[in-house]
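Next come the chains, spelled out residue by residue.
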Amino acid sequence: MGCGMAKKELQLKKCERAIRAAVLIQRWYRQYAARLEVRRRCTWNIFQSIEYTGEQDQIKLYNFFGHLMEHFTPSSSERNLISHIFRENHICRDIEWERYFCYRSIEVPDTYNGPHLTFPMTICGASALVEAFKHHQQLHSRYVLQLLGETWRLLRILPNINHVSTGHTEEVTICGDLHGHLEDLLLVFYKNGLPSSEKPYVFNGDFVDRGKNSLEILLILFAFLLVYPNDVHLNRGNHEDHIVNMRYGFTKEVLGKYRVHGKKILKLLQKIFSWLPLATLIDQKVLIVHGGISDTTDLNVIAHVDRHKYVSALRPPKHRQALNGSWSQNMDNRNGQEEGRRRVWSLTYHSSGLGPGPKHEVQHRSLHNLSVSSHVSCSVEEELKKRRRQAGFTLKKSHSDSDPESDETMETDGQEWKQIVDMLWSDPMPQDGCTPNEVRGGGCYWGPDVTEEVLRRHNLQLLIRSHECKQDGYEFCHNRRVLTIFSASNYYDVGSNRGAYIRMGPDLVPHFIQYQASGTSRELTLRQSVGRTERSALRALREQLFVHKSDLIGAFQEHDPENTGLISLKHWASATERVLKLGLPWRVLRSQLFNHQQDGSLDYRQWIRELSITEPRPEISNTSILETMYKNHYNLETIFRIIDTDHSGLISFEEFRQTWKLLSSHLKTEISDEAIADLALSIDFNKDGSIDINEFMEAFRLVHPTTHM
């Protein structure tokens, strides 16, 4: 009896030890997982903050060009440099369009070993295109122009809102952003099957930019659209915009792949993007748009707009109208006041008050009666004039000095334009209401109450959108009434996120398929994946810190009156946020960015020295112009692309000088002609009097001395 009791007690003790061990292991693992989650979220915040800062810069630069167009004489050289990006493509109309983009004079040489396309497009031709691009073959420019021309003709007859029916057993596949990731599109086709009448697809915009195979994705999607026009549906995204493409890589990609006919391809794509439908409805119950909605979204208005007018959604189109036999100019207010990164000018919400208002039933092709305009405030006008004089530009003196193009009466339908911008640029937020999207600089943030109201008004049950990278490839919000789908895996770096697509049947319940296109990312453990992505994010953040080092030093010295080189963690964090305006948890990041600490104080001088991630360039004596170049690398490249009107990749010394004058005026800084001339001479490597844009940008791209993966 006693022996049996002893055995039971021993077993109980063993069980207790095992339970305690399991609890300790569980507690340790939860803490470990929580730390990884904190690191992951912090990494995600870094990537998103830097990405959205770039979008802000793009919009602010374009707004500056808009002001330049509206306030300078047509004869000024600066205005002429950029005026072409604001004009509608005059030659692309009817017979002249066909003549200009004619492919028949382009011969395909016998040495060409890529796919040969025949039209009308067949499933065999589309499938051959997929196989060719899978094996890194390039389609001949004759076939590219022919395929794009056929696509343009088809898009012109499509409605603004596609309508899809699931039928009785049919499933619809919905894909989000692809951003030039051809491997993701090929993986979707491998897992889900090619588009067909039995397997319809909806692709929800942002096919281009960032990735290296944007054109191949477009050509594949257009080919299947031609074969199955009732079963392949393409929505426009905010990156289907030629102005955005200048900054984020698509323009450069096309010109690099098609040096002879790249200009024609880009112009044709510019027209095609403006004809892409804006939304898709599944069974009249599920709305699919790229960005989102706002409290003024009205699908009846969207269904009747002339979408092709919006060649770039960053700026409303202008229309000519005679008043009393003369031309006058009526401009919208585009001078929103900047209040730091979290309070910036938004494309559609500004001081003139294009806020919520009554809904308008807009009749197709009769939009001129809806005019919203305002005038530039005196203070902004005076500041604009002052800065242009400092830059040596010529301001308009009177209407008599202007040509008919700039003296045209221009009316803009602000409400219609706002609806399109909101659909392309907006993001959901957890709070009720509808506010300007001050992080991206365009569209709005809308809350659950707006979702409920818009869905109720149009008798819908679900909104599917894309536009935001999600770690798992998808995410629900607003009580599961809004679903974000993102199909570009490894978007920020290998292992940073999964891609996903949706299958939806007649029950309209979304089913998700997740994937990662890179074999490397699939082999990584969770810890390895988080660590790799974190290192990539920190490299990007150090680049931002490096290009702002002069501003950072000035901000730190305000907290170091005795010039000791030491500041507190609190002052370091607040000063860094004040300069970069990224909204990051700097105290949490301190241990990963800062190694030099003395009695709780931080040695900011040593830290600044260690931030140097590129070798000094002895040929550039002016350090301020060098820092400006690094800080505004993408803006500078965008201006170069705009000025290079023939897309040759070369600009003259004078165009180079004008580029810097435009940039300095935009930044409200002074850069002397001598400094610009010295810079031009130092980078004219072959001394032929012209500058290769790609070589110039690569020569001054930030490169880390060591890269640890």
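Conventions and cut-offs
What you see as residue numbers is a count from 1 along each chain, following the sequence as written. Local features are withheld for residues below a pLDDT of 70 in this predicted model, meaning they are given only at 70 or higher, and side-chain atom pairs are given and counted only at 80 or more; totals for whole chains, interfaces and linings count all residues. With hydrogens and water stripped out, all remaining heavy atoms of the structure feed into the side-chain values. Put simply, DSSP marks the helices as runs of H or I at least four residues long and the strands as runs of E at least two long, and each gets a number from the N terminus on. Between buried and exposed lies partly exposed: a residue is buried under 20% and exposed over 50% of the maximum accessible area for its type, with that area taken using a 1.4 Å probe on protein chains only. Any two residues having at least one pair of non-hydrogen atoms within 4.5 Å are treated as being in contact. Methods summary: accessible areas were calculated by the Shrake-Rupley approach with a probe of 1.4 Å, and residue burial reflects only the protein chains presented. Note on aromatic contacts: the rings of Phe and Tyr and the six-membered ring of Trp form a pair at centre separations within 6.5 Å, being stacked when their planes are under 30 degrees apart, edge-to-face when over 60 apart, and tilted otherwise. Only when the NZ of Lys or the CZ of Arg is both within 6 Å of the ring centre and within 35 degrees of the ring normal is a charge said to sit over the ring. By convention in this document, the label disulfide applies to cysteine sulfur atom pairs within 2.5 Å. In short, DSSP must find at least two bridges between two strands for them to pair. Lines fitted to C-alpha atoms define the axes, with helix axes restricted to the stretch in contact, and inter-axis angles between N-to-C directions lie between 0 and 180 degrees. We define a nonpolar core as any set of buried Ala, Val, Leu, Ile, Met, Phe, Trp, Tyr and Cys residues linked to one another through side-chain atoms lying within 4.5 Å. Just to be clear on terms, a salt bridge is a Lys or Arg side-chain nitrogen sitting within 4 Å of an Asp or Glu carboxyl oxygen. Oblique is the label for any angle not covered by the other classes, which are roughly parallel (under 35 degrees), roughly antiparallel (over 145) and roughly perpendicular (65 to 115). Under the convention adopted here, Pro, Cys and the residues Ala, Val, Leu, Ile, Met, Phe, Trp and Tyr are nonpolar, Asp, Glu, Lys and Arg are charged, and Gly plus all remaining residues are polar. The patches described consist of residues with a relative accessible area above 30% and no salt bridge, like charges being joined within 9 Å and nonpolar side chains (Val, Leu, Ile, Met, Phe, Trp, Tyr) within 5 Å. The convention is simple: Lys and Arg are positive, Asp and Glu are negative, and His and the chain ends are not counted. To locate a charge, take NZ of a lysine, CZ of an arginine, CG of an aspartate or CD of a glutamate. Crossings are classed by handedness, with left-handed meaning an anticlockwise turn of the near helix from the far one by less than a right angle and right-handed meaning a clockwise turn. The predictor attaches a confidence to each residue, called pLDDT, with possible values from 0 through 100.

**Looking at the overall build of the protein chain**
Here is step 1 of the chain: Along its length, the protein chain carries 25 helices and 21 strands.
Here is step 2 of the chain: Among the 709 residues that make up the protein chain, the fraction classed as buried is 55%.
Here is step 3 of the chain: Here the contacts in the protein chain between residues at least 6 apart in sequence split such that 75% fall between residues at least 24 apart.
Here is step 4 of the chain: As displayed, the protein chain offers around 31,600 Å² of accessible surface, 50% of which is attributable to carbon and sulfur atoms.

**Brief notes about unusual backbone geometry**
Excluding glycine, residues mostly have negative phi values, and the peptide bonds linking residues are mostly trans.
Here is step 1 of the chain: In the segment running from Phe119 into Pro120, the intervening peptide bond is cis, with an omega of 5°.
Here is step 2 of the chain: Structurally, the position occupied by Pro120 is in the loop between α3 (94-100) and α4 (123-134).
Here is step 3 of the chain: Despite not being glycine, His467 shows a phi value in the positive range, around 80°.
Here is step 4 of the chain: Locating His467 in the fold gives a position in the loop between β12 (462-465) and β13 (474-477).
Here is step 5 of the chain: Classification of His467 by relative accessible area gives buried; the value is 5%.
Here is step 6 of the chain: Positive phi outside glycine occurs at Leu508, with the angle close to 60°.
Here is step 7 of the chain: Mapped onto the fold, Leu508 is located in the loop between β15 (499-504) and β16 (510-515).

**Quick notes on the packing of aromatic side chains**
Here is step 1 of the chain: As enumerated under the stated definition, the model contains 20 aromatic pairs in all.
Here is step 2 of the chain: Its guanidinium or amino end placed over the ring of Phe476, Arg480 lies 3.9 Å from that ring's centre, counting from NZ or CZ.

**A word on the state of the cysteines**
Here is step 1 of the chain: This model, assessed by the stated rule, comprises zero disulfides.
Here is step 2 of the chain: Unpaired in terms of disulfides, Cys444 finds its nearest cysteine sulfur in Cys434, a separation of 3.6 Å.
Here is step 3 of the chain: Residue Cys444 is classed as buried on the basis of its relative accessible area of 0%.

**Digging into the sheet that holds strand β6 (residues 286-288)**
Here is step 1 of the chain: Taken in spatial order, the six strands of this open sheet run β1-β5-β6-β12-β14-β13, and their pairing is mixed. Each edge of the sheet is formed by a strand with only one pairing partner; in this case those strands are β1 (161-164) and β13. Averaged over all pairs of adjacent strands, the angle between strand axes in this sheet comes to 20°, irrespective of strand direction.
Here is step 2 of the chain: Where β12 and strand β14 (residues 482-485) come together, three bridges link them in parallel fashion.

**Details of the pairing of strand β5 (residues 279-282)**
Here is step 1 of the chain: Burial along β5 is two-sided: the face carrying Ala279 and Leu281 and the face carrying Thr280 and Ile282 are both buried.
Here is step 2 of the chain: Between the end of β5 and the start of β6, which pair antiparallel, lie three residues, with Asp283 showing a positive phi angle near 50°.

**What to know about the nonpolar core**
Here is step 1 of the chain: Leu139, Leu148, Phe203, Phe207, Leu219, Leu234 and Leu269 are the most contacted members of the largest nonpolar core, which totals 61 residues.
Here is step 2 of the chain: Apart from residues no more than four positions distant in its own chain, Phe203 is found in contact with Cys175, Leu178, Leu185, Phe189, Leu221, Val232, His233, Leu234 and Asn235.

**As for the pattern of salt bridges**
Here is step 1 of the chain: Inspection of the entire model under this criterion finds 21 salt bridges.
Here is step 2 of the chain: Note that Glu51 is salt-bridged to Arg210, the shortest N-O span being 3.4 Å. Of the two residues, Glu51 sits in helix α1 (residues 2-71) while Arg210 sits in the loop between β3 (201-203) and α7 (214-227), which places them 159 residues apart along the sequence.
Here is step 3 of the chain: For Arg210, a relative accessible area of 33% gives the class partly exposed.
Here is step 4 of the chain: Among the ionic contacts, a cluster of salt bridges with common partners joins Glu51, Glu55, Arg210, Asp427, Arg440, Arg465, Glu468, Lys470 and Glu475.

**Description of the pairing of β14**
On any regular strand, side chains alternate: one points to one face of the sheet, the next to the other face.
Here is step 1 of the chain: Of the two faces of β14, the one lined by Val482 and Thr484 and the one lined by Leu483 and Ile485 are each fully buried.
Here is step 2 of the chain: What sits between the antiparallel neighbours β13 and β14 is a turn of four residues, in which His478 has the positive phi angle 55°.

**Some details on the packing of helix α18 (residues 569-580) against helix α19 (residues 586-593)**
Here is step 1 of the chain: Running from N to C, α18 and α19 point in directions that differ by 100°, and their axes come no closer than 10 Å. Classified by the angle between their axes, α18 and α19 sit roughly perpendicular to one another. In this structure, α18 uses Leu569, Lys570, Trp572, Ala573, Thr576, Glu577 and Leu580 to contact α19, whose residues at the interface are Trp586, Arg587, Arg590 and Leu593.
Here is step 2 of the chain: Here the residues of the contact of α18 with α19 are counted per class, giving six nonpolar, one polar and four charged.

**Notes on a positive patch on the surface**
Here is step 1 of the chain: A cluster of like positive charges, contributed by Lys13, Lys14, Arg17 and Arg20, occupies part of the molecular surface.
Here is step 2 of the chain: By secondary structure assignment, the location of Arg17 is in helix α1.

**Notes on the environment of Lys60**
Here is step 1 of the chain: Topologically, Lys60 is positioned in helix α1.
Here is step 2 of the chain: With a relative accessible area of 24%, Lys60 lands in the partly exposed category.
Here is step 3 of the chain: In sequence terms Lys60 and Gly441 are 381 residues apart; their C-alpha atoms lie 8.2 Å from each other.

**Section: the sheet that holds strand β10 (residues 434-436)**
Here is step 1 of the chain: The strand order across the open sheet built from three strands is β9-β11-β10, with neighbouring strands paired in mixed fashion. Since the sheet does not close on itself, it has two edges, and those belong to β9 (427-428) and β10, each with one partner.

**Some details on the environment of Arg587**
Here is step 1 of the chain: Its location among the elements puts Arg587 in helix α19.
Here is step 2 of the chain: For Arg587, a relative accessible area of 51% puts it in the exposed group.
Here is step 3 of the chain: A C-alpha to C-alpha distance of 7.8 Å links Arg587 and Lys570, two positions 17 residues apart in sequence.
Here is step 4 of the chain: Non-local contacts of Arg587, meaning those with residues more than four positions away in its chain, are made with Leu569, Lys570 and Ala573.

**Overview of the packing of helix α5 (residues 141-155) against α7**
Here is step 1 of the chain: Contact geometry of α5 with α7 gives a least axis separation of 10 Å together with a crossing angle of 55°. With respect to each other, α5 and α7 are oriented oblique. At the point where α5 passes α7, the crossing takes the left-handed sense. On α7, the residues that touch Val144, Leu147, Leu148, Glu150, Thr151, Leu154 and Leu155 of α5 are Leu219, Phe222, Ala223, Leu225 and Leu226.
Here is step 2 of the chain: A class-by-class count of the residues in the contact of α5 with α7 yields 10 nonpolar, one polar and one charged.

**Regarding the side chain of Lys470**
Here is step 1 of the chain: Here Lys470 lies in the loop between β12 and β13.
Here is step 2 of the chain: With relative accessibility at 12%, the residue Lys470 sits in the buried group.
Here is step 3 of the chain: Excluding anything up to four places from it in sequence, Lys470 contacts Trp44, Glu475, Thr484, Phe486, Asn497 and Arg498.

**What about the confidence of the model for the protein chain?**
Here is step 1 of the chain: The share of residues in the protein chain with pLDDT of 70 or more is 73%, and the mean pLDDT across the chain is 79.
Here is step 2 of the chain: Segment residues 350-381 is flagged for pLDDT under 50; beyond a separation of four residues in sequence, or across chains, it makes 64 contacts in the model.
Here is step 3 of the chain: A low-confidence stretch, residues 383-412 (pLDDT under 50), is modelled with 79 contacts involving residues beyond four sequence positions or located in other chains.

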